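In case you want the letters, here they are:
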Amino acid sequence: MSDDHFHEAVEALRTLGLYVEPTGDDLSLWLVDGEEMSDGGLLKLAALLGLALGSATIQ
């Protein structure tokens, strides 16, 4: 999966005013407004909010 998808999702979530940062050097875990989630969870959240292209069934 391309890093572009993550950057798009992160920027879209930040536009909503959410705090979004990777938990470390590994981009497979993210901190979104105090909640830790996987990279798939980040993309799914953005899709569910209608902010990113793709399916809300990303696992």
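1. Regarding the confidence of the model for the protein chain
For the protein chain, mean pLDDT is 83; residues scoring 70 or higher make up 81% of the total. Between the elements of the protein chain, mean pLDDT differs from a low of 86, seen in helix H1 (residues 3-15), to a high of 94, seen in strand S3 (residues 35-38).

2. As for the sheet that holds strand S2 (residues 29-32)
With respect to topology, three strands assemble into an open sheet ordered S1-S2-S3, the strand pairing being antiparallel. The two strands at the open ends of the sheet, each matched to only one other strand, are strand S1 (20-22) and S3. Each neighbouring strand pair of the sheet contributes to a mean axis angle of 30 degrees, computed without reference to strand direction. Against the sheet, helix H2 (residues 39-48) makes contact with S1, S2 and S3, and its axis sits at roughly 100 degrees relative to S3, the strand it touches most.

3. Notes on the environment of valine 32
With respect to the helices, strands and loops of the structure, valine 32 is situated in strand S2. In this structure valine 32 comes out as buried when scored by relative accessible area, which is 5%. Sequence separation of valine 32 and proline 22 is ten residues, and the distance between their C-alpha atoms is 8.7 Å. Setting aside anything within four residues of it in sequence, one finds valine 32 in contact with Leu18, Tyr19, Val20, Met37, Leu42 and Leu45.

4. Some thoughts on a nonpolar patch on the surface
A cluster of nonpolar side chains, contributed by Leu16, Leu49 and Leu51, occupies part of the molecular surface with about 250 Å² of accessible area. Classification of leucine 16 as exposed rests on a relative accessible area of 52%.

5. Re H2
Because each turn of an α-helix spans 3.6 residues, side chains separated by three or four positions end up pointing in the same direction. The complete set of buried residues in H2 reads Gly40, Leu42, Leu43, Ala46 and Ala47. On an axial view of H2, the arc spanned by its buried residues comes to 160 degrees, and they lie on one face. Within two residues after H2, glycine 50 carries a phi angle of roughly 75 degrees, on the positive side.

6. Thoughts on the pairing of S2
Burial along S2 is one-sided: Trp30 and Val32 are buried, while Leu29 and Leu31, pointing the other way, are not. The pairing of S1 with S2 spans three bridges and is antiparallel. Residue pairing across strands places proline 22 opposite tryptophan 30, the latter belonging to S2. The turn linking S1 back onto S2 is made up of six residues. As paired elements, S2 and S3 share four bridges and run antiparallel to each other. Bridging from a neighbouring strand, tryptophan 30 pairs with methionine 37 of S3.

Reading guide: rules and limits
- Residues numbered from 1 in each chain as written.
- Predicted model: local features only at pLDDT ≥ 70, side-chain atom pairs only at ≥ 80, totals over all residues.
- Heavy atoms only, no water.
- pLDDT = per-residue confidence, 0-100.
- Helix = DSSP H or I, 4+ residues; strand = E, 2+ residues; numbered from the N terminus.
- Pairing = 2+ DSSP bridges.
- Axes fitted to C-alpha atoms, helices over the stretch in contact; angles between N-to-C directions.
- Contact = heavy atoms within 4.5 Å.
- Buried < 20%, exposed > 50% of the residue type's maximum accessible area, 1.4 Å probe, protein only.
- Patch = residues over 30% accessible without salt bridge, like charges linked within 9 Å, V, L, I, M, F, W, Y side chains within 5 Å.
- Areas by Shrake-Rupley, 256 points an atom, 1.4 Å probe, with all protein chains shown as cover.
- Salt bridge = Lys/Arg side-chain N within 4 Å of Asp/Glu carboxyl O.
- Arc of directions from axis to C-beta.

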